[in-house]
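Residues per chain are reported as follows:
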Amino acid sequence: MIVLDSVSVELGGVRVVESVSATVEDGEWVALIGPNGAGKTTLLRAIAGLAVPQGGIEVHGDPVGALGRRRLARRVALVPQTPLMPPDMTVAEYVLLGRTPHLGYLAGEGKGDLAAADRALARLDLTRFAGRRLGTLSGGERQRAVLARALAQEAPLLLLDEPTSSLDIGRGQQALELVDSLRRDGGLTVLSAMHDLTLAAQYADRLLLLDRGRLVAGGAPADVLRPELIAEHYGAEVKVLVNGGVAVVPSRPRR
C-alpha cells in the first residue's frame, strides 16, 4: 500500500524527516511512535501530499506526486491532529465534505454520497448530532466528527495523527475498535501517529520508532517497546509488561 524510499522533508530550512525507508502492506496497521518533534506528523503529511518530500513515496504503486490532489484523496484519507473546523458548519455538512474527491467538477452530492455520510455518522455515534454546529461540540465530539469525515471519504488508506488525543478512555477505545473493525472487515490500511505506547502496541501490527526525523527501530510491538530503547529515545524510565499484550508503564526513577 505504501512504499517510502529514502524520504526526507525540510520545513523552514530544517530537515525534520531524514532518509526514512519503510513499507506498509495492504490491510496492515502500522503505528509511528517517537518523542515530540520526531517527524511523525510531517511524514503523514508527506504521504497525504501536504508536504513536499525528497525521495520517493508510492501509494498503491503510484508516486504521490504524479496522482494529483483529487486522485490521491480517493486513495488516502488524513485525520489531522488539529483540523480546520468552521464553527457555524453543521456536523452533517462537515462529514459530507469527505465525499468531495468523488464529485465531478461543479457536481453536487448524490444519493450515494449522502448514504456514505450517513453511514459514517452512525458508525461514530454522531447521528443525533447531525444538525449541531461544530462550534457547539466538545473536544471529543469534534474528534469523532473529523474521523467520520475521513470514513465518509471511503479511501483504502487511513492516516491518523493522534486519533485519541481529545477522547476519554471509553470513546478512544471505541474509535480505535471501529478503525480496527473497518481494517479487518473492509480491507482498510492504517498508518497512525500515536503517543500512547500501550494503545499503539494493542492495535498496531508493527511499530516504526522515529527520533529526530530518523527511523531508529521497527518491528512487532514486543520487539520495539523495550525499556532500554524507550529510555534512549524518550528519556523515560518504564516497565514493559507482556501478558497477552504489551503495556508500557512509567516507572519513577529511584532516588
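Note that the coordinates shown come from a computational prediction; the quantities given were computed from them, not determined experimentally.

**Q** Describe the environment of Gly 110, naming the residues involved and giving the relevant values.
**A** Locating Gly 110 in the fold gives a position in the loop between α4 (91–96) and α5 (111–123). C-alpha of Gly 110 to C-alpha of Arg 99: the two residues are eleven residues apart in sequence and 9.8 Å apart in space.

**Q** Can you explain unusual backbone geometry? Please cite residues and give values.
**A** The residue His 60 is not glycine, and still its phi comes out positive at about 55°. Within the secondary structure, His 60 sits in the loop between β4 (53–59) and β5 (62–63).

**Q** Describe in detail the pattern of salt bridges, supporting the description with residues and values.
**A** A full pass over the atoms with the stated rule returns 15 salt bridges. With a shortest N-O distance of 3.1 Å, Arg 128 and Asp 125 are connected by a salt bridge. What makes Asp 125 partly exposed here is its relative accessible area of 34%. A salt bridge links Glu 141 to Arg 132; its shortest N-O distance comes to 3.8 Å. Here the salt bridges do not stand alone but share partners, grouping Glu 10, Arg 15, Glu 18 and Arg 214 into one network.

**Q** Please provide a residue-by-residue account of the environment of Arg 119, values included.
**A** Assignment of secondary structure puts Arg 119 in helix α5. C-alpha separation for the pair Arg 119 and Met 1, spaced 118 residues apart in sequence, amounts to 25 Å.

**Q** For α5, give the residues involved together with the corresponding values.
**A** The terminal C-alpha atoms of α5, which comprises 13 residues, lie 18 Å apart, in line with the 18 Å expected from a rise of 1.5 Å per residue. Taken together, the buried residues of α5 touch α4 and α6 (139–153). Taken from the residues just after α5, Asp 125 is the one with a positive phi, measuring 55°.

**Q** Describe helix α7 (residues 169–186), and please don't skip the residues or the numbers.
**A** With 18 residues, α7 extends 25 Å between its outermost C-alpha atoms, agreeing within 8% with the 26 Å of an ideal straight helix rising 1.5 Å per residue. Of the positions making up α7, those classed as buried are Gly 172, Ala 175, Leu 176, Leu 178, Val 179, Asp 180, Leu 182 and Arg 183. Looking at the packing, one finds that the buried side of α7 touches β3 (29–33), α5, α6, β7 (157–161), β8 (189–193) and α8 (197–203). The backbone nitrogen of Gly 170 lies 3.0 Å from a side-chain oxygen of the residue at the head of α7, namely Asp 168. Looking one or two residues past α7, Gly 187 carries a phi angle of roughly 75°, positive in sign.

**Q** Would you mind going over the packing of α5 against α6 in detail, with residue names and values included?
**A** The geometry of α5 relative to α6 is characterised by a closest axis approach of 8 Å and an angle of 140° between their N-to-C directions. Looking at the two axes, α5 sits oblique to α6. In this structure, α5 meets α6 at a crossing whose hand is right-handed. Only Ala 148, Leu 151 and Ala 152 of α6 make contact with α5, whose side of the interface consists of Ala 116, Ala 117 and Ala 120. Its residues placed into classes, the contact of α5 with α6 shows six nonpolar, no polar and no charged.

**Q** Talk me through the packing of α6 against α7; I want residue IDs and the actual numbers.
**A** Interhelical geometry of α6 versus α7 gives an angle of 10° and a closest axis separation of 12 Å. By the criterion of interaxial angle, the relationship of α6 to α7 is roughly parallel. Residue-level contacts link Arg 144, Leu 147 and Leu 151 of α6 to Arg 171, Ala 175, Leu 178, Val 179 and Leu 182 of α7. Among the residues forming the contact of α6 with α7, the class breakdown is six nonpolar, no polar and two charged.

Rules behind the numbers
Residues numbered from 1 in each chain as written. Predicted model: local features only at pLDDT ≥ 70, side-chain atom pairs only at ≥ 80, totals over all residues. Heavy atoms only, no water. Helix = DSSP H or I, 4+ residues; strand = E, 2+ residues; numbered from the N terminus. Salt bridge = Lys/Arg side-chain N within 4 Å of Asp/Glu carboxyl O. Buried < 20%, exposed > 50% of the residue type's maximum accessible area, 1.4 Å probe, protein only. Expected span 1.5 Å × (residues − 1). Contact = heavy atoms within 4.5 Å. Polar contact = N/O pair within 3.5 Å; in protein donor to acceptor, adjacent residues only side chain to side chain. Axes fitted to C-alpha atoms, helices over the stretch in contact; angles between N-to-C directions. Parallel < 35°, antiparallel > 145°, perpendicular 65-115°, else oblique. Left-handed = near helix turned anticlockwise from the far one by under 90°. Nonpolar A, V, L, I, M, F, W, Y, C, P; charged D, E, K, R; others polar.

Remember, this is a structural readout, not a statement about activity or role.
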